[in-house]
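Residue strings, one per chain:
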Amino acid sequence: MSDRERIFEAIRTAVAKTENPAPLPEYSMDSTVSISRLGAGGWSGFQKNFEAVNGDFLETGEDLKALLTKEKAKVGYCPENLQDLVRPHLPEGIELRSNFDRSKINEYDFGITKATSAIAETGTLILEDSKTPDRLGALAPWIHIALVDKSSLLDTVATAIKSLPKDPNVIWVTGPSKTADVEGILIEGVHGPGIQACLLV
Amino acid sequence: MSSQIIDQYANKLGEDVRTSVHTGSASGTDKRFKVLFDDLPDANGLRTTAGNVKQHTLDHLDKYLEQAERALISNGAKVHYAWDSETTCSQVENILKQASARTVTKSKSMVSEEVGLNESLLKKGYDLVETDLGEFILQLDGDHPSHVVKPIIHKNRAEIARTFEKHGLGEYNDEPEIITRRAREFMRAKYLAAEATITGANFISAESGRLCIVTNEGNSRFGLAGARIQIALVGIEKIVPRDADLALMLNLLGRSATGQALTVYTEFISGPKPVDSVSGPEELHVIFVNNRRTEVLDSNCREILRCIRCGACMNVCPVYRQASGHAYRSVYPGPLGAVLSPLLAGAEGFSELADLPKASSLCGACNEVCPVDIPIPDLLLRLRDKGKREKSSNAATDSPPMGAWSWVAKSPSLWRASLRSANMLNLLPYEKIPFGPLGRWTKDRTLPPWRGGKFRAWVKNREKEAK
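Residues numbered from 1 in each chain as written. Chains lettered and ligands numbered in written order. Predicted model: local features only at pLDDT ≥ 70, side-chain atom pairs only at ≥ 80, totals over all residues. Heavy atoms only, no water.

## Digging into the overall build of chain A
To keep it simple, the criterion reads: Secondary structure elements are defined from DSSP: runs of H or I of at least 4 residues count as helices, runs of E of at least 2 residues count as strands, and each element is numbered from the N terminus. Computation of the radius of gyration draws on C-alpha atoms, with the globule rule given as 2.2 Å multiplied by the number of residues to the power 0.38. Here's how the labels work: a residue is buried when its accessible area is under 20% of the maximum for its type, exposed when over 50%, partly exposed in between, all with a 1.4 Å probe on protein chains only. Should any heavy atoms of two residues lie within 4.5 Å, those residues are counted as being in contact. Values of accessible area rely on a 1.4 Å probe in the Shrake-Rupley scheme; residue burial ignores everything except the protein chains shown. Note that His is not counted, nor are the chain ends; the positive residues are Lys and Arg, and the negative ones are Asp and Glu. To locate a charge, take NZ of a lysine, CZ of an arginine, CG of an aspartate or CD of a glutamate.
Helix and strand content of chain A: six helices and twelve strands. A compact globule built from 201 residues should have a C-alpha radius of gyration of about 17 Å, whereas chain A, at 21 Å, is more than 25% larger. Counting only C-alpha atoms and orienting by the principal axes, one finds that chain A spans roughly 70 × 45 × 40 Å. Burial analysis of chain A (201 residues in total) assigns 59% to the buried set. Taking the contacts inside chain A whose residues are at least 6 apart along the sequence as the reference set, 67% of them involve residues at least 24 apart. In the form shown here, chain A has an accessible surface area of approximately 8,500 Å², with 50% of it arising from carbon and sulfur atoms. In chain A, 21 side chains carry a positive charge and 29 a negative one; their mean positions are 2 Å apart.

This is the structure:
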């Protein structure tokens, strides 16, 4: 007997003895929503929650310029199709690369990619493979800037689950990469970005 | 000193370890409480609903496992099944062999701890590295996690700094930020060199076959950006029926585990990467692991399989806080482990861990904080009963013999006589009782004066007066 057959047989034997199998509960998705977090909703609600998890909310291209200047960024990953959009907001002397070269992983100070949408309730950015040509570009550099369409905001986690993209890889990003493994002390930028920013476009 | 095994571990803990475990778990409990109840209007109602969803899934697990398998295959994943720890390890090895993979990154997976995957692969010469910071430190130390969410809750920064120094990760420096940066640099080379990455899964939706993996550090994401092959080890109980149930579970998991509305990275994987994407696995292998879960399903403790591994029960448990995780001598510590570990040990291992269900005051806090409302105290009682019936010696440790008591209690006249004669107890120097558990109990405690028989006399007099 294969392991598959053995497992299914053992499950069926156990399950057959269940006296009162629990029914599948129907519940309203509204009950999972945090009204207090959602607040008035919209982008101001998103901003509040995004900043609460230490996200950098960039309101204008000027803010982007200021961030990159402050962080002394020189080289960044940015897919070809976004370069015209961001170039006007870059400080002088910045080099944009449209490919992420693995052998030079530490040369990239920042990555700019397009987010699919965002969740107001939790300050979450939603990325998917079809819009992130190279996952490393949104992950390896110290700074990640997600460009989000103003029209793409989702209100809650429940809505975002309902509208999960078809993409085989979808990732929700809620703030910079972090750990509290060492004595419970919060450190940002463990394996992923230490600065997680977003810019509405 | 108590002869309970868990107490012996607790007594041996150094003062600094006791403090870090206590502080870490207590702060986890406080954060959970604040975030869960500030955020959700009916958090307790949600716990009940989530428990019902998981219970329903378990009660119909054959149907949902089949459905998940179908969905996974149609998404392009390869599905494998492993009956026990041995077959789990050999299946992982087969996949690695076929892919000619030697370097492997791994993100946190409790089921891999259960089956001893690291030891097995390292012995065969694979270059395998744990990428979660805490798990990486444990790997360097040859140590094991003492908490399901905070694996190194029992270690302090000085210890970690010494470990890093010893393994050539820079000179001694105990700043948590420096420790983290060093791990970041070290790990990048591994992520890029690895041909395969091993992950767990927090949930899997039967409806869509989506695997859901949550981390805060981004290590599983990095593993999945670097490697060509993904192997996901999934306990057969990790299934939820619908995608919508993922929203319910995610809303409870982060808040219960770390007091976060959502963990930083919540990844939904339904197959290998799209062909036109640069990074990401070209193959996704899902191994459904049994390792005695079907025995648990068939026991009177099925409810424990609802567990979503948030760690809230260990954070709140007064016994865990004193004893730390290694006292449970198994992969799963705390109240969860006190139920699950003896069961996963199977018929031959149960007796060895049969003392764990007694490592509880049955205060009920573990049930109150459980996001899937597992009646842990009830399950502990069922396992105490099992231990007693199977005459396991560890289950009997420190239990006073009840045979004489039950003989007396069954006879009204004996009972009356013993109540009266027990007044003699007041004259006994009981603090000097020399033997066994009773002696240990009375050494530090005094008893109130014995008043046996007074109630009966009072009732009798009332009856007389009424006439």
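## Details of the environment of Ser90 of chain B
All names here are of chain B. With respect to the secondary-structure elements, Ser90 resides in helix H5 (residues 85-98). Classification of Ser90 as partly exposed rests on a relative accessible area of 31%. Separated by 27 residues in sequence, Ser90 and Leu117 place their C-alpha atoms 9.2 Å apart.

## Notes on the interface of chain A and chain B
Selection criterion: Accessible-area loss on putting two parts together, using a 1.4 Å probe and summing over both, is the definition of buried area adopted here. Salt-bridge detection follows one rule: a side-chain nitrogen of Lys or Arg within 4 Å of a carboxyl oxygen of Asp or Glu. We define a polar contact as two N or O atoms separated by no more than 3.5 Å, with the added condition that, inside protein, one atom must be a possible hydrogen donor and the other a possible acceptor, whereas residues neighbouring each other in sequence contribute only through side-chain atom pairs. Each residue gets one label: Ala, Val, Leu, Ile, Met, Phe, Trp, Tyr, Cys and Pro are nonpolar, Asp, Glu, Lys and Arg are charged, and the others, such as Gly, are polar. Strand pairing is defined by DSSP finding a minimum of two bridges between the two strands.
With 73 residues of chain A at the interface, the matching set in chain B holds 94 residues. In total, about 7,100 Å² of surface goes out of reach between chain A and chain B, with carbon and sulfur atoms giving 58% of it. Per-residue buried area on chain A facing chain B is highest for Arg135, Asp181 and His191 of chain A; these three make up 11% of the total on that side. Where chain A packs against chain B, one counts seven salt bridges. Residue Asp62 of chain B pairs with Arg12 of chain A through a salt bridge whose shortest N-O separation is 4.0 Å. Seen at the junction of chain A and chain B, the total is 45 residue pairs in polar contact (both at pLDDT 80 or more). Of all the secondary structure elements, the ones that give two or more residues to the side of chain A that touches chain B are helix H1 (3-16), helix H2 (35-38), helix H6 (157-162), strand E9 (169-173), strand E10 (178-179) and strand E11 (187-188) of chain A. Here the side of chain A that touches chain B takes ten residues from H1 of chain A, the largest share from any one element. Looking at the side of chain A that touches chain B residue by residue, the classes come out as 38 nonpolar, 17 polar and 18 charged. When E9 of chain A meets strand E9 (residues 265-269) of chain B, the two strands line up antiparallel, connected through five bridges. Paired with Val173 of chain A across the bridge in E9 of chain B is Tyr265 of chain B.

## Here's the deal with helix H1 (residues 5-12) of chain B
Residues and elements named next belong to chain B. Definition in use: What the arc measures is the spread of directions leading from the helix axis to the C-beta atoms.
Taken residue by residue, H1 has Ile5, Ile6 and Ala10 as its buried positions. Viewed end-on, H1 has its buried residues packed into an arc of 140°, placing them on one side of the element. Buried residues in H1 make contact with helix H2 (15-39), helix H15 (318-323) and helix H20 (393-396).

## Some points on the pattern of salt bridges
Residues and elements named next belong to chain B. Evaluated as defined, the whole model comprises 39 salt bridges over all chains. Where Arg329 meets Asp355, a salt bridge forms, and the shortest distance between an N and an O atom there is 2.9 Å. In this pair, Arg329 is assigned in the loop between H15 and helix H16 (334-344) and Asp355 in the loop between helix H17 (346-349) and helix H18 (365-369), connecting sequence segments 26 residues apart. You can call Arg329 partly exposed: its relative accessible area is 22%. Ionic contacts of the salt-bridge type, sharing partners, join the residues Glu114, Glu237, Arg293 and Arg309 into one network.

## As for the sheet that holds strand E7 (residues 143-148) of chain A
All names here are of chain A. Rules: To define axes, lines are fitted to C-alpha atoms, for helices over the stretch in contact only, and angles between the resulting N-to-C directions are given on a 0 to 180 degree scale.
Pairing is parallel in the open sheet, where six strands are placed in the order E1-E12-E7-E4-E2-E3. Both outer strands of the open sheet, strand E1 (56-58) and strand E3 (95-97), are each paired with one neighbouring strand and no more. In this sheet, adjacent strand axes meet at a mean angle of 25° when their direction is disregarded. As judged from the two bridges shared by strand E2 (residues 75-77) and strand E4 (residues 110-114), these two strands associate in the parallel manner. By the bridge assignment for E4, Gly76 is matched with Phe110.

## Here we look at the packing of aromatic side chains
Aromatic ring pairs are described here by two measures, namely the spacing of the ring centres and the angle between the planes. Inclusion rule: Centres within 6.5 Å are what make two rings of Phe, Tyr or Trp a pair, Trp counting through its six-membered ring; a difference in plane orientation under 30 degrees is then read as stacked, over 60 as edge-to-face, and the rest as tilted. Should the NZ of a Lys or the CZ of an Arg lie within 6 Å of a ring centre and within 35 degrees of the ring normal, that charge is described as sitting over the ring.
According to the stated counting rule, one finds 15 aromatic pairs over all chains in the structure shown. One aromatic cluster is present, built from ring pairs that chain together Trp43, Phe46, Phe50 and Phe57 of chain A. Sitting over the ring of Tyr108 of chain A, Arg97 of chain A keeps its end group 5.3 Å from the ring centre. In this structure, Arg102 of chain B packs its charged tip against the face of Tyr126 of chain B, placed 4.3 Å from the ring centre.

## A few points about the sheet that holds strand E2 (residues 103-106) of chain B
Residue and element names in this part refer to chain B. With respect to topology, six strands assemble into an open sheet ordered E1-E10-E7-E4-E2-E3, the strand pairing being parallel. This sheet does not close on itself; its edge strands, each paired only once, are strand E1 (78-82) and strand E3 (127-130). Recorded for the sheet is a direction-independent mean angle of 20° between the axes of neighbouring strands. Bridge count between E2 and strand E4 (residues 196-199): three bridges; the pairing is parallel. Looking at the pairing, Thr105 lines up with Thr197 of E4. Contacts from helix H10 (residues 176-193) reach E2 and E3 within the one sheet, and its direction differs from that of E3 by about 130°.

## Some details on unusual backbone geometry
Residues and elements named next belong to chain A. For Lys72, which is not glycine, the phi torsion reads 55° and is therefore positive. Along the polypeptide, Lys72 turns up in the loop between helix H4 (61-70) and E2. Looking at Lys72, the relative accessible area reads 64%, which means it is exposed.

## Digging into the domain arrangement of chain B
All names here are of chain B. For clarity, the threshold we go by: All the domain ranges listed were derived from an automatic or database domain assignment.
Partitioning chain B into structural domains gives domain 1 (43-48 + 60-291), domain 2 (303-396) and domain 3 (408-466). Put simply, the middle of domain 1 and the middle of domain 2, counted by C-alpha atoms, are 25 Å apart. Each side of the interface is counted separately: domain 1 has 26 residues, and domain 2 has 25 residues. For the domain 1 face of the interface with domain 2, the top three residues by lost area are Arg47, Val148 and Glu237, together amounting to 29%. For the pair domain 1 and domain 2, the number of links is two salt bridges. A salt bridge links Arg47 to Asp373; the shortest N-O distance between them is 3.8 Å. Summed over the shared surface of domain 1 and domain 2, the number is eight residue pairs in polar contact (both at pLDDT 80 or more).

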